[in-house]
Amino acid sequence: MERESHVSPPRAWAEIDGGALRHNLRVAADVWPVMAMMAVVKAGAYGHGLEDVARIFADAGVAFLGVANVGEARRIHRAGIRAAIYLLGATWSEEREEIVHHGWTPCISSLHEAADFNRLALLSGRPLAVHLAVDTGMGRGGFVAERLDEVMEELQRMNGLRVEGIGSHLPSADEDEPFTREQFRRFSSIIADLGGPGVFRWRHLANSAGLLGYDPLGCNLARPGLMLYGVSPLPAFQEKLRTVMSLKSRITLIRSLPAGHGVSYGRAFVTEKPTRVATIGMGYGDGYPRHVSGHGARVFVRGEYFPILGRVTMDQIMIDVTAAPDVAEGDEVELFGAHISVAEVAEKAETIPWHVFTGITPRVVRIYNGGGATSR
Ligand SMILES: *Cc1c(COP(=O)(O)O)cnc(C)c1O
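Residues numbered from 1 in each chain as written. Predicted model: local features only at pLDDT ≥ 70, side-chain atom pairs only at ≥ 80, totals over all residues. Heavy atoms only, no water.

Draft legend 1. View of the pairing of strand β18 (residues 332-336). Of all 5 residues that make up β18, 4 are buried, and the element is covered over most of its length. Pairing geometry for strand β15 (residues 298-301) and β18, over 2 bridges, is antiparallel. Looking at β18, one finds that F300 is bridged to E334. (Buried < 20%, exposed > 50% of the residue type's maximum accessible area, 1.4 Å probe, protein only. Helix = DSSP H or I, 4+ residues; strand = E, 2+ residues; numbered from the N terminus. Pairing = 2+ DSSP bridges.)

Draft legend 2. Up close: the layout of surface pockets. Within this model, the largest pocket holds a volume of roughly 870 Å³. Mapped onto the lining of the largest pocket, the elements with two or more residues apiece are α2 (42-47), β6 (128-135), α9 (208-213) and α11 (353-359). In terms of residue class, the lining of the largest pocket is built from 18 nonpolar, 15 polar and 6 charged. Shared between two domains, the lining of the largest pocket takes at least three residues from each, and those domains are domain 1 (18-232) and domain 2 (245-369). When its volume is computed, the second largest pocket comes out at roughly 360 Å³. Around the second largest pocket sit 26 residues that line it, and V231, Q238, S341, V342 and A343 are the ones nearest its centre. No other element matches the 4 residues that helix α10 (residues 342-348) contributes to the lining of the second largest pocket. Its residues placed into classes, the lining of the second largest pocket shows 17 nonpolar, 8 polar and 1 charged. Looking at which domains feed residues into the lining of the second largest pocket, each of domain 1 (18-232) and domain 2 (245-369) supplies at least three. (1 Å grid on protein atoms, 1.4 Å probe; cavity = no way out; pocket = protein on both sides within 12 Å on 5 of 7 lines; lining within 4 Å. Points joined across faces, edges and corners; volume = space filled by probe spheres on them. Nonpolar A, V, L, I, M, F, W, Y, C, P; charged D, E, K, R; others polar. Domains from an automatic or database assignment.)

Draft legend 3. Expanded view of the packing of helix α1 (residues 18-31) against helix α3 (residues 50-59). α3 packs onto α1 with a crossing angle of 45° between their chain directions and a minimal axis gap of 10 Å. It follows from the interaxial angle that α1 and α3 lie oblique. Note on packing geometry: the crossing formed by α1 with α3 is right-handed. Facing α1, whose interface residues are G18, L21, R22 and L25, α3 presents V53, I56 and F57. (Axes fitted to C-alpha atoms, helices over the stretch in contact; angles between N-to-C directions. Parallel < 35°, antiparallel > 145°, perpendicular 65-115°, else oblique. Left-handed = near helix turned anticlockwise from the far one by under 90°. Contact = heavy atoms within 4.5 Å.)

Draft legend 4. A look at the site of the ligand. As a matter of local geometry, the ligand sits amid 13 residues, with K42, Y46, S208, L226 and W354 nearest to it. Separating an oxygen atom of the ligand from a side-chain N or O atom of R140 is a distance of 3.1 Å. Between the ligand and the protein, one listed contact pairs a nitrogen atom with a side-chain N or O atom of R223 at 2.8 Å. Within the complex, the protein chains bury 92% of what would otherwise be the 390 Å² of accessible surface of the ligand. Taking a 2 Å distance to the grid points as the criterion, the majority of the atoms of the ligand fall inside the largest pocket. Taken together, the residues that form the shell around the ligand break down as 6 nonpolar, 4 polar and 3 charged. (Near = heavy atom within 4 Å. Polar contact = N/O pair within 3.5 Å; in protein donor to acceptor, adjacent residues only side chain to side chain. Areas by Shrake-Rupley, 256 points an atom, 1.4 Å probe, with all protein chains shown as cover. Sits in = over half its atoms within 2 Å of the grid points.)

Draft legend 5. Broad picture of a negative patch on the surface. Together, D149, E150, E153 and D193 make up a region of like negative charge exposed at the surface. At 3 residues, helix α7 (residues 148-157) tops the list of elements feeding residues into the negative patch. (Patch = residues over 30% accessible without salt bridge, like charges linked within 9 Å, V, L, I, M, F, W, Y side chains within 5 Å. Salt bridge = Lys/Arg side-chain N within 4 Å of Asp/Glu carboxyl O. Lys, Arg positive; Asp, Glu negative; His and termini not counted. Charge placed at Lys NZ, Arg CZ, Asp CG, Glu CD.)

Written out as structure tokens, the structure is:
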């Protein structure tokens, strides 16, 4: 990375491996050859950087980029990335004009939403492709399955809309296999009741866990997110994936503390013996989860693991380097990456990898390697 003079290197950064993103996308695409890919890039591509990651997936030829809202769709559009964009959740009335203007694809959960899109599409003079969202168990959006044939008739009467796809979502593909298998069956029978697969160009139900763990049963599009970022929600598939993000910082200070000295807020940790304590220039203000405190979390420095002492603070974390006299100020520290999985950090923080990724704050400089994307 080129650096201006008099500008210090970042003290907290995330290295993002573009080659690993492409590899993981290939893994996803190879699970079922019939499945096209909607690469989910919501929440800043799970904290990996929206535009840079969207460009990599668009260049790799995905069928859609999946985003959470119009703000994300707009950023992708303004970056000059011309991939089809799908909005994964419900839209608010004030957002619809922009969606119609750009031809982004919304999913439809209600007839009043559909009527509004229809009105705007007729005004614009161009039909809008939409997907019918069906609630098969998630309880977050979509039509409940009972009155779907009537819904479909209504939608087909709206001349401004083209129903190009049908989608639903899995609430527990990584937790409840029988329920999820039943959901796949129900989704395919819903499609059959609505006239069969030929009615819908795109049929999609699977997130990462749904793609990896289940037979697609007539679906031809998958919406992987997490697995593209190198974490499998089903551990059996973890070894197929490559680590994308390495969260790093540096040791800013090393001191020797006597026995009986507290470390960090609340003095939750007190040294039992003389201890060599290193301070790392990153904290929960960078998104490293404070909730790992006291749960045996570790970091990786110079080829070895070292335990975090006491609570993670906003900007600094203390570790015990008594066992490694060679560890020095300025040393690079891996918080997660090649040697510590995000899943491990999430477990220590009693949360999920999705949450850890999306919690990495803007203070962390994203540095892109092997992506052909810009460094920043
Ligand atoms: C976030 C999301 C996904 C991606 O889920 P992963 O578990 O990260 O693969 C897929 N579909 C919908 C509707 C989503 O909201």
